[in-house]
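# Chains, contacts and geometry: an overview
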Amino acid sequence: MPGATSPWRVNDVVAYDLMREAAARAIALLSAAAQSGDSGGDARGELARLRREVLAVDAYDRAAVAAVSARIDQRIRELEGHLP
């Protein structure tokens, strides 16, 4: 009798890990913005929303992981564009 297998595929795990790494980068950029006073209140609120969104992602839902990753990557590009 074969054991139960996970519905995850290796590339799904990689995509999820990359999303989490991107989220960590975005959180660091938002934290820096909040501390520097550049729209600090907005940055703090966005930081909290981002954390909740990442935690709410169903790691088995590849489409959700891809959608959140795309939003995070876009936001990182925006935040890095404003760095000196």
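Structural data are supplied above this passage.
Owing to the predicted nature of the structure, the values given are computational and were not obtained by experimental measurement.

## Description of the pattern of salt bridges
Enumeration over the complete set of coordinates arrives at five salt bridges. Here Asp12 and Arg62 are joined by a salt bridge, their closest N and O atoms 2.5 Å apart. Of this pair, Asp12 sits in helix 1 (residues 10-36) while Arg62 sits in helix 3 (residues 62-81), and the two are 50 residues apart along the sequence. Residue classification places Asp12 among the buried residues on the basis of a relative accessible area of 11%. Glu53 is paired through a salt bridge with Arg71; the nearest N and O atoms lie 2.3 Å apart. Here Glu53, found in helix 2 (residues 40-56), pairs with Arg71, found in helix 3; they are 18 residues apart in sequence, far enough to count as distant.

What counts as what
Residues numbered from 1 in each chain as written. Predicted model: local features only at pLDDT ≥ 70, side-chain atom pairs only at ≥ 80, totals over all residues. Heavy atoms only, no water. Salt bridge = Lys/Arg side-chain N within 4 Å of Asp/Glu carboxyl O. Helix = DSSP H or I, 4+ residues; strand = E, 2+ residues; numbered from the N terminus. Buried < 20%, exposed > 50% of the residue type's maximum accessible area, 1.4 Å probe, protein only.

By themselves, these are just geometric observations and shouldn't be taken as functional.
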